[in-house]
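Structural overview
Below are the chains, spelled out letter by letter.
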Amino acid sequence: MAVKSYLKYKIMNCDNIRAKFTELYGEAGSVYTSPGRINIIGEHTDYNGGFVLPGAVDKCITAEIKFNGTDKVRAFSIDLNESSEFGLNEEDAPKEGWAKYIFGVCRELVKKGANIKGFDTTFAGDVPLGAGMSSSAALESTYAFALNDMLSLGFGLMELAKVGQATEHNYVGVKCGIMDQFASCHGKAGHLMRLDCKTGEFVYVPFDPEKHGYKVVLVNTCVKHELVDSPYNKRRESCERAVKAIQVKHPEVEFLRDAKMEWLEEVIGCITQEDYIRAEYAIGEVKRLLDACEALEKNDYETVGAKMYGTHIGMSVLYDVSCEELDFVNEVAKKCGVTGSRVMGGGFGGCTINIVAADKYDNFIKVVQEEYKNKYSIDCEIIPVVISDGARKIC
Ligand code: GLA
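Residues numbered from 1 in each chain as written. Predicted model: local features only at pLDDT ≥ 70, side-chain atom pairs only at ≥ 80, totals over all residues. Heavy atoms only, no water.

**Here we look at unusual backbone geometry**
- One non-glycine residue with positive phi stands out, namely His44, at about 60 degrees.
- If you trace the backbone, His44 turns up in the loop between strand S1 (30-39) and strand S2 (51-52).
- Residues other than glycine seldom take positive phi values, yet Cys222 does so here, at roughly 65 degrees.
- Within the element layout of this structure, Cys222 appears in the loop between strand S9 (214-220) and helix H6 (231-247).
- Note on Cys222: relative accessible area 36%, which makes it partly exposed. (Helix = DSSP H or I, 4+ residues; strand = E, 2+ residues; numbered from the N terminus. Buried < 20%, exposed > 50% of the residue type's maximum accessible area, 1.4 Å probe, protein only.)

In structure tokens form, the structure reads like this:
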């Protein structure tokens with residue numbers, strides 16, 4: 001299944017990437033690809049030092065790249081039909097939003113001592129934008145992985161993931177955690193990854209829901225989320241303020257992951273109510289993930305699903321990163337007897353992730369499509385999940 005879908009993807013995208021590349025720049029270069037991701041549970045836990053449980057998917061950003069003998073990058077986005085040209089020094093930042101990701105990756109590699117040379121590139125992708133599937137991490141990971149490989153820079157996958165994360169922080173303005181870039185770089189077909197975001201340690205967790213009678217599917221509300229200048233950074237700041245308050249009595253607490261709920265209760269009068277409920281969600285989510293992982297080890301998908309519903313409520317009511325459309329889709333899932341359903345990724349729009357018993361799948365898809373259309377007069381997008389490999393060279 002994974003292989004078939006990957007081949008389809010390859011045929012779909014590589015040909016037009018190469019055709020455009022040779023049309024614009026002449027002789028062909030090398031082709032690299034990196035995927036978007038899902039996350040079963042553990043949302044907004046990464047920057048709180050907690051755990052996450054992502055898997056890479058079969059939707060990728062793919063780029064053709066060749067050094068051009070200059071100190072300039074010439075880039076072309078096939079999906080946007082737009083070009084950008086920029087240098088590699090700090091003052092050379094491009095004005096096109098999408099090109100800032102490529103520029104940022106180059107700059108972060110330079111900061112790590114790499115001698116980045118000018119290159120030509122075309123790229124395209126099928127990771128839906130603003131859907132909470134990490135299209136930006138896929139873009140960053142593609143270029144970080146490619147430049148590392150082509151210039152034999154010798155950075156490991158985790159270092160490349162951190163280059164992508166630093167790009168978000170320093171060139172995009174999103175103070176994200178490490179989950180997305182980590183998953184895009186480390187993905188493995190048929191496996192989730194349980195990452196401890198505090199220590200960087202992770203394990204691959206075999207994931208074959210179909211074997212146990214379940215399917216995983218995303219429902220994209222097509223409400224675009226935009227994390228830049230969004231309340232995402234504010235959520236992070238709330239959590240950091242809660243940590244500071246807890247540290248007064250418990251200096252060993254570095255992240256909310258280290259805090260007990262009772263310790264948060266101790267500071268109830270010292271932080272705002274808003275910061276309190278944000279921290280309450282984060283501490284609860286760290287625990288929910290661990291419970292879900294334990295259940296997954298026993299192939300107890302019903303318990304995993306119950307935890308996912310718990311996450312949705314937390315993200316909607318306490319963390320306030322859901323939206324009306326996501327809540328609606330979550331309610332429809334519940335009504336259709338879906339095992340687990342919740343808003344996925346940063347929130348503020350995008351997808352829900354759903355674990356559905358195979359015999360309830362067709363009905364759920366039919367009902368959610370119909371009811372969503374009736375209510376919002378737009379189509380939701382159904383995205384079946386295929387857990388696939390991470391960043392790699394194609395040719
Ligand atoms: C975004 C960020 C991640 C993570 C998720 C929420 O995808 O990029 O680092 O915080 O939101 O879990």
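**Let's talk about the pairing of strand S11 (residues 351-357)**
- With 7 of 7 residues buried, S11 lies mostly within the body of the structure.
- Residues Cys351, Ile353, Ile355 and Ala357 point to one face of S11 and Thr352, Asn354 and Val356 to the other, with burial holding for every one of them.
- In this sheet, S11 lies alongside S9 in antiparallel orientation, the contact comprising 7 bridges. Pairing of Asn220 across the sheet is with Cys351, part of S11.
- In the sheet, strand S10 (residues 340-343) pairs with S11 via 4 bridges, with the strands oriented antiparallel. Residue pairing in the sheet places Gly340 in a bridge with Ile355 of S11. (Pairing = 2+ DSSP bridges.)

**Details of the domain arrangement of the protein**
- By domain assignment, the protein separates into domain 1 (3-207 + 388-393) and domain 2 (211-385).
- A straight line from the C-alpha centre of domain 1 to that of domain 2 covers 25 Å.
- Taken together, the contacts link 38 residues of domain 1 with 47 residues of domain 2.
- If you look at where domain 1 meets domain 2, you find 4 salt bridges.
- The partner of Asp196 in a salt bridge is Arg257, and the shortest N-O contact between them spans 2.8 Å. (Domains from an automatic or database assignment. Contact = heavy atoms within 4.5 Å. Salt bridge = Lys/Arg side-chain N within 4 Å of Asp/Glu carboxyl O.)

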